[in-house]
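What follows is each chain in one-letter form.
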Amino acid sequence: MVKTLFRCAVYSMLLGSMTLSMSVQAKLYKWVDENGQVHYGDKVPPKYLKTERQELNEQGALVKKYDRAMTAEEKAEKRRLEAEQRKRENEKRAQALRDRVLTDTYTTERDLIAAREARLDAVDSQIQLAEDIINDSAIRVEKTEKLIMSLREQNKIIPEATYAKLEREKYQLATQKGIAEGHRIKRQEIIEQFDGYILRFRELMQAKRIKREKQERRRINKERAARGLPPLEYVDTPTATP
């Protein structure tokens, strides 16, 4: 009994070894040389390992295809295209996030306009404050300059403190002019920013409306089909936006 089991085990091992050997020997490769000549064999020559080649089974059917190795220029181009694809995907995700924040923050276009006007009012107040300071500083500069001129005409000594005062007043005048200009730039940025928000909000609302209409059409036609009626034909009409 033991001998019989041993012989069966040996036969199984031999059969498995033969099957594995046949499987390995059954591999066939196909490649093309530099002259366009097609070759077949159980092993691809080393010089053609970087070229396009195919692995075939014993029936000649394609098992696996190996692409040729890319050149340095092709690898660089592939990396560039992959980087551009990642950039587009990142921009798409960022835009989706901005759209979600926009529609979550503002319910209607009127809300956007009200928010824009509130921001502009705040900036206008800052501009007005800066202009008031500019006017006051300009008056003080003019008075100090007249004082210095009067002292010169009288051949009197002009105190160093007077010159220092004039420099401080001129510095404050220049500073406030810069601040006022910065506020004006900010005001224009707010206008452009909210113009973009409003345009994008309209696009999102229109896309949402079209989606709802299509869902409603499918619902109606589904009900009509259940009643044995033909589907309704719809003609999309663009919605004018102000």
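Everything numeric here is computed off the predicted structure, so don't read it as measured data. (Residues numbered from 1 in each chain as written. Predicted model: local features only at pLDDT ≥ 70, side-chain atom pairs only at ≥ 80, totals over all residues. Heavy atoms only, no water.)

## Comments concerning the overall build of the chain
Counting secondary structure elements, the chain contains four helices and four strands. A total of 242 residues make up the chain; the buried ones form 17% of that total. Here the chain displays about 19000 Å² of accessible surface, and carbon together with sulfur accounts for 57% of that area. (Helix = DSSP H or I, 4+ residues; strand = E, 2+ residues; numbered from the N terminus. Buried < 20%, exposed > 50% of the residue type's maximum accessible area, 1.4 Å probe, protein only. Areas by Shrake-Rupley, 256 points an atom, 1.4 Å probe, with all protein chains shown as cover.)

## Quick word on the pattern of salt bridges
Counted by the stated rule, this structure contains 17 salt bridges. Residues joined by salt bridges that share partners form a network here, namely Glu77, Arg80 and Glu84. (Salt bridge = Lys/Arg side-chain N within 4 Å of Asp/Glu carboxyl O.)

## Thoughts on a nonpolar patch on the surface
On the surface, a nonpolar cluster with roughly 260 Å² of combined accessible area is contributed by Val32, Val38 and Tyr40. Here Val32 is to be found in strand E1 (residues 28-32). Val32 sits in the partly exposed class, given a relative accessible area of 37%. (Patch = residues over 30% accessible without salt bridge, like charges linked within 9 Å, V, L, I, M, F, W, Y side chains within 5 Å.)

## Quick word on a positive patch on the surface
A contiguous patch of positive charge, built from Lys208, Lys211, Arg212, Lys214 and Arg218, is present on the exposed surface. When you line up the elements, Arg212 lands in helix H4 (residues 160-226). What makes Arg212 partly exposed here is its relative accessible area of 48%. (Lys, Arg positive; Asp, Glu negative; His and termini not counted. Charge placed at Lys NZ, Arg CZ, Asp CG, Glu CD.)

## Topic: the side chain of Glu55
Structurally, the position occupied by Glu55 is in strand E3 (residues 53-56). What makes Glu55 buried here is its relative accessible area of 9%. With residues up to four places along the chain from it excluded, the contact list for Glu55 reads Lys27, Leu28, Tyr29, Ala61, Leu62, Val63, Lys64 and Tyr66. (Contact = heavy atoms within 4.5 Å.)

## Comments concerning the environment of Gly182
Position of Gly182 among the secondary structure elements: in helix H4. Note on Gly182: relative accessible area 33%, which makes it partly exposed.

## Here we look at the environment of Asp42
With respect to the helices, strands and loops of the structure, Asp42 is situated in the loop between strand E2 (38-41) and E3. Taking the C-alpha atoms as reference, Asp42 lies 8.8 Å from Lys30; in sequence the two are 12 residues apart.

## Some details on the packing of aromatic side chains
The final tally for this structure, using the stated rule, is one aromatic pair. Here Phe194 and Tyr197 contribute two aromatic rings whose centre-to-centre distance is 5.3 Å and whose plane-to-plane angle is 70°, an arrangement assigned as edge-to-face. With Phe194 and Tyr197 both in helix H4, this residue pair falls three residues apart, about one helical turn. (Phe/Tyr/Trp six-rings, centres within 6.5 Å; stacked < 30°, edge-to-face > 60°.)

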